Amino acid sequence: MSIKEAYCRAHTNIALIKYWGKSDPVNIVPTSSSLSLTLDRFYTDTRVSFQAQLDQDQFFLNGQEQEKAERDKISRFLDHFRQLSGVNYRAQVSSYNHVPTAAGLASSASAYAALAGACREALDLDLTDSQLSRFARRGSGSATRSIFGGFVEWSQGSSPENSMAIPIDAANWDIGMVVIAVNKGAKKISSRQGMAHTLATSPFYEEWVKQSRQDLDEIKTAIAQRDFTTVGQIAEANAMRMHATTLAANPPFTYFEEETLTAIRAVQDLRAAGYDVYYTIDAGPNVKILCPASQMTAIEEALGQYFASEKIISTLPGGPIQILSEWT
Ligand code: PMV
């Protein structure tokens with residue numbers, strides 16, 4: 001067994017078919033499969049080094065040593081790799097998030113995918129990328145999909161062992177995404193809390209799971225046919241169905257803010273003006289617009305009528321995790 005210091009980069013992803021609920025909350029197995037697009041512009045670089053002389057794990061984020069609560073989360077995640085490798089050393093983990101501060105995007109997907117990739121490299125583990133995605137899943141559900149680039153499915157599986165990501169398409173066709181950062185503050189209801197509460201109390205939940213399975217089949221066909229319009233239409237409907245479950249929860253809640261509705265209206269206006277644009281929204285108020293990459297500049301400009309330019313950030317599809325030789 002060789003142990004070395006390793007560096008890994010992972011990009012964040014945005015789900016077009018959402019992950020919204022767990023059938024096994026301990027092992028993070030979802031109630032339905034999801035599908036995402038990995039994004040080039042937003043990523044995390046992580047260095048990990050397992051060392052005999054450390055008596056506890058250390059975790060630095062953007063150069064700052066983190067408090068116990070954050071460190072404990074990382075320790076629990078590292079334990080899966082210690083268990084698999086038989087290496088019991090503590091580790092020093094250092095991560096940098098390259099997400100424009102204005103983007104208001106969660107970075108847990110890229111963070112745990114990068115850490116998983118760095119651990120595989122550092123401990124020289126014999127795991128395929130899909131097998132590695134099962135480990136990333138333990139940190140955060142959406143991290144499962146950030147192991148791969150382009151369009152990625154997280155196949156729910158029937159057990160913790162086979163709930164993993166599968167690459168679907170490199171997305172190297174005319175696709176882009178424009179993020180409207182409505183609010184970059186921390187959200188009041190985490191995705192973990194939101195999905196658990198919805199699953200437990202929303203009468204729409206069962207229907208959501210049923211419909212989401214159909215959405216997934218249809219979007220995969222549309223991706224295979226490179227039918228951008230159908231991909232966008234399905235993604236938009238799927239996001240709104242997820243948010244409908246929260247409105248029907250008891251007590252009800254929503255992640256939408258006033259500007260979320262402004263952004264939805266802006267997308268509808270742009271569509272009426274002939275742009276091929278569709279929105280999706282996660283467990284927060286920010287709006288992400290799926291569009292042809294060739295229209296991205298014009299769309300950014302048109303959105304300038306609704307939002308300040310620093311709230312608008314565009315990106316192309318991103319690639320898979322990547323081992324780095326050092327910080328770049
Ligand atoms: O990865 P988590 O536990 O933060 O959950 C992500 C949930 C959504 O972003 C709302 C949907 C998704 O599939 O990414």
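The structure presented is a predicted model; accordingly, all values stated were derived computationally and were not measured. (Residues numbered from 1 in each chain as written. Predicted model: local features only at pLDDT ≥ 70, side-chain atom pairs only at ≥ 80, totals over all residues.)

So, the domain arrangement of the chain
No. 1: Under the domain assignment used here, the chain contains domain 1 (6-172) and domain 2 (176-315).
No. 2: Taken together, the contact between domain 1 and domain 2 spans 27 residues of the former and 33 residues of the latter.
No. 3: Counting only elements with at least two residues in the side of domain 1 that touches domain 2, the list comes to strand 1 (6-17), strand 4 (34-51) and strand 9 (164-169).
No. 4: Broken down by element, the side of domain 1 that touches domain 2 gets its largest block of residues, 6 residues, from strand 4.
No. 5: Classifying every residue of the side of domain 1 that touches domain 2 gives 16 nonpolar, 6 polar and 5 charged. (Domains from an automatic or database assignment. Contact = placed C-beta atoms within 7 Å. Helix = DSSP H or I, 4+ residues; strand = E, 2+ residues; numbered from the N terminus. Nonpolar A, V, L, I, M, F, W, Y, C, P; charged D, E, K, R; others polar.)

Some points on the sheet that holds strand 11 (residues 278-281)
No. 1: Pairing in this open sheet of 4 strands is antiparallel, and the strands run 11-12-10-13 from one edge to the other. Unpaired on one side and paired on the other, strand 11 and strand 13 (312-315) mark the two borders of the sheet. Across the sheet, the axes of successive neighbouring strands diverge by a mean angle of 25°, strand direction being ignored.
No. 2: Direction of pairing for strand 11 relative to strand 12 (residues 287-291): antiparallel, over a ladder of 4 bridges. Residue pairing for strand 12: Y278 is matched across the bridge by L290.
No. 3: Helix 6 (residues 228-247) rests against strand 11 and strand 12 of the sheet, and its axis sits at about 30° to strand 11. (Pairing = 2+ DSSP bridges. Axes fitted to C-alpha atoms, helices over the stretch in contact; angles between N-to-C directions.)

Remarks on the site of the ligand
No. 1: Surveying the vicinity of the ligand reveals 13 residues, the closest of which are A15, Y19, S142, S191 and D282.
No. 2: Grouping the amino acids of the shell around the ligand by side-chain chemistry returns 4 nonpolar, 6 polar and 3 charged.
No. 3: Three or more residues apiece are contributed to the shell around the ligand by two domains, here domain 1 (6-172) and domain 2 (176-315). (Near = placed C-beta within 6 Å.)

Observations regarding the packing of helix 2 (residues 108-122) against helix 3 (residues 129-139)
No. 1: Between helix 2 and helix 3, the least distance of the axes is 8 Å, while the angle of their chain directions is 135°. What the angle tells us is that helix 2 and helix 3 run oblique. When you trace helix 2 past helix 3, the crossing you get is right-handed. Residue-level contacts link S108, Y112, A113, L115, A116, G117 and R120 of helix 2 to L132, F135, A136 and G139 of helix 3.
No. 2: The residue inventory of the contact of helix 2 with helix 3, partitioned by class, reads 7 nonpolar, 3 polar and 1 charged. (Parallel < 35°, antiparallel > 145°, perpendicular 65-115°, else oblique. Left-handed = near helix turned anticlockwise from the far one by under 90°.)

Remarks on the packing of helix 5 (residues 205-224) against helix 6
No. 1: Orientation of helix 5 relative to helix 6, taken along the N-to-C sense of each, is 165°, at an axis distance of 10 Å. Classified by the angle between their axes, helix 5 and helix 6 sit roughly antiparallel to one another. Of the two elements, helix 5 crosses helix 6, and the hand of that crossing is left-handed. Facing helix 5, whose interface residues are Y205, W208, Q211, S212, D215, E218, I219, A222 and I223, helix 6 presents T230, V231, I234, A235, N238, R241, M242 and T245.
No. 2: Considered class by class, the residues forming the contact of helix 5 with helix 6 number 9 nonpolar, 5 polar and 3 charged.

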